[in-house]
Amino acid sequence: MRIFEANISLQVCMFLKEFLNNISSFEIANKKMFDDFGLISVFESRDDFQELKKSVSVVATDFVEESDRVEYGDFQTNKGLTNRVAKYLAKENISPEIVIEPTCGKGSFIIAALSNFKTLKKVVGIEIYKPYVWETKFSILDFFLSNPDSNKPEITIKHCNIFDFDFKNISKRFPDEKILIIGNPPWVTNAKLGSLNSSNLPQKSNFKNQKGLDAMTGKGNFDIAEYITLMLLDAFHTHDGHLALLVKNSVIKNIVFDQKETKYKIGKIKKYCIDSKKEFDVSVEASLFCCQLNSSPSVECSEFDFYSLKKKTSFGWLNAKFVSDLADYTETKEIDGVSPFEWRQGIKHDCSNVMELERVNEHFVNKLSEEIKLEEDLIYGFLKSSDLKNRVIKNSRKLVILTQTKVGQETSYIQHLYPKTYNYLKANISSFQARKSSIYRGKPLFSIFGIGDYSFKPYKVAISGLYKTYHFTLVLPQNNKPIMLDDTCYFIGFDKIEYAVYATILLNSEITKAFLKSITFSDAKRVFTKDILMRLDLLSIAKAITQKEIEKQINYLNDNYGLSVNLSQWDSFINEMIPKKEKQLTIFE
Ligand SMILES: C[S@@+](CC[C@H](N)C(=O)[O-])C[C@H]1O[C@@H](n2cnc3c(N)ncnc32)[C@H](O)[C@@H]1O
């Protein structure tokens, strides 16, 4: 059943009915609540008191209790999980005197703390949504009615915005008490953030060098839980105790990344990966973020499975490098350098309905299923991330119109040289004009990006930036024309097939795979970026692989994809990769 829009158990309802029946003022009720249960200011006003008294007095004794289902949002933590977290912390000998739940919701972390920490002297919960404040208070009453002999700390459940709460004041007032910050701050996606009441956000903030609401509206992929965690670290990192918060993995990664600069006094940084689908019915990678406060600043985080407590990896800083797996990185760091070939991103056109085609018999068909006749010259094979599954690609299903050979090139030539193509593009000009990105503003008609001499290299080695597959594809020309890639893909291009084959082999080697695994984060929007790929020192990879292995791989590609490549170009390939400076040194030696 519900009172004040909050779930309340039958036990608490019947208790309050009797308890309040004999009390006439809210001051007395508050005093008695404190004396009996340690709860401070249960009633914030006389109105609260009168209203609750009225509500419980009309409760019939024969109501059917509602099921204990989570009703308000997907992100209230279930009791099983909060209890498991608190039990685990207690087992780790964490015995706080003060517990702070920064956004306590319906209070399940507070109940778990009351059940598991016998040393508690004070509990503070903060929550913006009034029904949850009531539900937390009702749950606390229920807990003490069911566990009358339990230790009763002083408890304050504050109805307020966390951004107006002065955490530093608690640290000042209780400088010697061991503290535990525990909870699950709102994991708000950019979309959800927009739907939150603006009073629910800090008014002014220079969070990550963004200004106020700009930061809050998620322009920079802002996460409110990260802001809250940093606020808590600001207030408590020099205070003895621990922090244990359920947050998105990206929040933990950002905090550890920023540790190099922020140097919060936090140590023993750990991440316990939870199954968010099971616990919250959401597909977000999240974990329990734990650290010890008032420690020497750590810049690495050990990762465990929350349920088995098995260690998975450690990530963080190793000297000047931020890596996702410190052990694998240490094994493979010899190939961390600078790629001798420049990695490029594929073509961006933002006009797939018009620009992307398929060939059907004698004509082309666009994404709107329109049949079109066009000159062949500007049409090229086109691959997307999802096409890069095979080791070698010689044909593409999709085609693209290349209106330029370099960024910014005038496109008026199309009208004279390729009238059919021009008429088609012109007829669809509204689609080009509807492109939102500002990069197209003031540029020639039908402009594209990510195009240059490098796009026309006949042999390419490509990878999808989106998929965590660590798999590189050799892309060969189609009908003597180079195949293009879209802007979700990255590639290096070569004039000689031998070089492209050697590079494919080096990039698909075990050492490259292990290295890439050690520096990429699976929860990143783009797993592979130009920055990541530019770290692949192919020359060092070549030195780490035996000639025999290269030969074996060449034979495999020849046999399976009809190539006829051999090692005749290997030495010149290696020579091409030696930095110019080093080559000069060898000449003068
Ligand atoms: C992810 S839920 C978790 C609730 C609770 N900590 C738990 O683990 O079940 C986040 C809670 O934060 C509350 N909240 C959101 N913004 C807040 C703010 N600015 N101040 C205080 N509480 C807030 C929400 O109402 C919600 O109850």
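Preceding this section is the structure that the text describes.
Cut-offs used in this document
Residues numbered from 1 in each chain as written. Predicted model: local features only at pLDDT ≥ 70, side-chain atom pairs only at ≥ 80, totals over all residues. Heavy atoms only, no water. Axes fitted to C-alpha atoms, helices over the stretch in contact; angles between N-to-C directions. Helix = DSSP H or I, 4+ residues; strand = E, 2+ residues; numbered from the N terminus. Parallel < 35°, antiparallel > 145°, perpendicular 65-115°, else oblique. Left-handed = near helix turned anticlockwise from the far one by under 90°. Contact = heavy atoms within 4.5 Å. Nonpolar A, V, L, I, M, F, W, Y, C, P; charged D, E, K, R; others polar. Core = buried A, V, L, I, M, F, W, Y, C linked by side-chain atoms within 4.5 Å. Buried < 20%, exposed > 50% of the residue type's maximum accessible area, 1.4 Å probe, protein only. Pairing = 2+ DSSP bridges. Salt bridge = Lys/Arg side-chain N within 4 Å of Asp/Glu carboxyl O. Phe/Tyr/Trp six-rings, centres within 6.5 Å; stacked < 30°, edge-to-face > 60°. Lys NZ or Arg CZ within 6 Å of the ring centre and 35° of its normal. Polar contact = N/O pair within 3.5 Å; in protein donor to acceptor, adjacent residues only side chain to side chain.

Colleague: How would you summarise the packing of helix α1 (residues 10-21) against helix α3 (residues 46-57) if you had to cite specific residues and measurements?
Modeller: Running from N to C, α1 and α3 cross one another at 120°; their axes reach a closest spacing of 9 Å. Relative to α3, α1 is oriented oblique. Like other packed secondary-structure pairs, α1 and α3 cross with a definite hand, here left-handed. Contacts between α1 and α3 pair Cys-13, Leu-16, Lys-17, Leu-20 and Asn-21 from the former with Phe-49, Leu-52, Lys-53, Val-56 and Ser-57 from the latter. Class assignment for the residues of the contact of α1 with α3 results in 6 nonpolar, 2 polar and 2 charged.

Colleague: Break down the nonpolar core for me, citing the residues and quoting the values.
Modeller: Of all hydrophobic cores here, the largest spans 62 residues; its most connected members are Leu-16, Leu-52, Leu-89 and Leu-114. Setting aside chain neighbours within four positions, we find Leu-114 in contact with Leu-120, Val-123, Ile-140, Phe-143, Phe-144, Ser-150, Pro-153 and Ile-155. Ranked by size, the runner-up nonpolar core spans 48 residues in total, among them Val-323, Val-501, Tyr-502 and Val-527.

Colleague: Hey, could you go over the pairing of strand β15 (residues 356-360) for me, with residue numbers and the actual values?
Modeller: Here 3 bridges tie β15 to strand β20 (residues 398-401), and the two strands are oriented antiparallel to one another. The partner of Glu-358 across the bridge, within β20, is Lys-398. Across 4 bridges, the pairing between β15 and strand β16 (residues 363-366) is antiparallel. In the strand pairing of β16, Arg-359 is matched with Phe-364.

Colleague: Requested: an account of the pattern of salt bridges, with residues and values cited.
Modeller: Note on pairing: side chains with opposite charge can pair once their charged atoms come close. The full count for this structure, using the stated rule, is 21 salt bridges. Where Asp-48 meets Lys-130, a salt bridge forms, and the shortest distance between an N and an O atom there is 3.5 Å. On the criterion of sequence distance, the pair formed by Asp-48 in helix α3 and Lys-130 in helix α6 (residues 130-146) is long-range, its members being 82 residues apart. Note on Lys-130: relative accessible area 25%, which makes it partly exposed. Across the pair Asp-350 and Lys-348 runs a salt bridge, and its minimum N-O distance is 3.0 Å. Judged by relative accessible area, which is 41%, Asp-350 ranks as partly exposed.

Colleague: Describe the packing of aromatic side chains, listing the residues and the values that go with them.
Modeller: By convention here, two paired aromatic rings are described through the distance between centres and the angle between planes. This model, assessed by the stated rule, comprises 37 aromatic pairs. By way of ring pairs, the aromatic residues Phe-341, Phe-494, Tyr-499, Tyr-502, Trp-570 and Phe-573 are connected into one cluster. Note that Lys-278 overlies the ring of Tyr-307, its terminal NZ or CZ placed 4.1 Å from the centroid. Here the basic side chain of Lys-460 rests over the ring of Phe-491, its NZ or CZ set 5.2 Å away from the ring centre.

Colleague: Can you tell me about the environment of Asp-325, naming the residues and giving the values?
Modeller: With respect to the element layout, Asp-325 can be found in the loop between β13 (321-323) and α13 (326-332). For Asp-325, a relative accessible area of 15% corresponds to the buried category. Those residues in contact with Asp-325 that lie beyond four places of it in its chain are Thr-313, Ser-314, Phe-315 and Ser-518. Here Asp-328 takes part through its backbone nitrogen, which lies 3.0 Å from a polar atom of the side chain of Asp-325.

Colleague: Account for the side chain of Thr-473, with residues named and values stated.
Modeller: Along the chain, the position of Thr-473 falls in strand β22 (residues 473-475). Its relative accessible area of 0% is what places Thr-473 among the buried residues. Of the polar contacts made by the side chain of Thr-473, one reaches the backbone oxygen of Leu-388; its length is 3.5 Å. A distance of 2.8 Å separates a polar side-chain atom of Thr-473 from the backbone oxygen of Asn-390. Ignoring sequence-local partners within four residues, the contact set of Thr-473 consists of Leu-388, Asn-390, Arg-391, Val-392, Ile-393, Lys-460, Val-461 and Ala-462.

Colleague: Requested: an account of the sheet that holds strand β4 (residues 98-101), with residues and values cited.
Modeller: In spatial order, the strands read β3-β6-β5-β4-β7-β8-β10-β9-β11-β12-β13; together these 11 strands make up an open sheet with mixed pairing. Across the chains shown, the open sheet's two edge strands, defined by having one partner strand only, are β3 (39-40) and β13. As defined by bridge partners, strand β12 (residues 311-318) adjoins β13 across 3 bridges and the pair is classed as antiparallel. Of the residues in β13, the one forming a bridge with Trp-317 is Phe-322. Contacting β7 (179-183), β8 (241-248), β9 (266-273) and β10 (286-293), helix α4 (residues 79-91) runs over the sheet at an angle of about 155° to β7. Packing of helix α10 (residues 224-236) onto the sheet brings it into contact with β4, β7, β8, β9 and β10, and relative to β8 it is tilted by some 170°.

Colleague: Break down the sheet that holds strand β23 (residues 484-485) for me, with residues and values.
Modeller: Taken together, 6 strands build an open sheet; the order of strands is β17-β16-β15-β20-β18-β23 and the sheet is mixed. Edge positions in the open sheet fall to β17 (371-372) and β23, since each of these has one partner strand only. Sitting on the sheet, helix α16 (residues 419-427) touches β15, β16, β17 and β20, and the angle it makes with β20 is about 90°.

Purely geometric numbers; function is a separate question.
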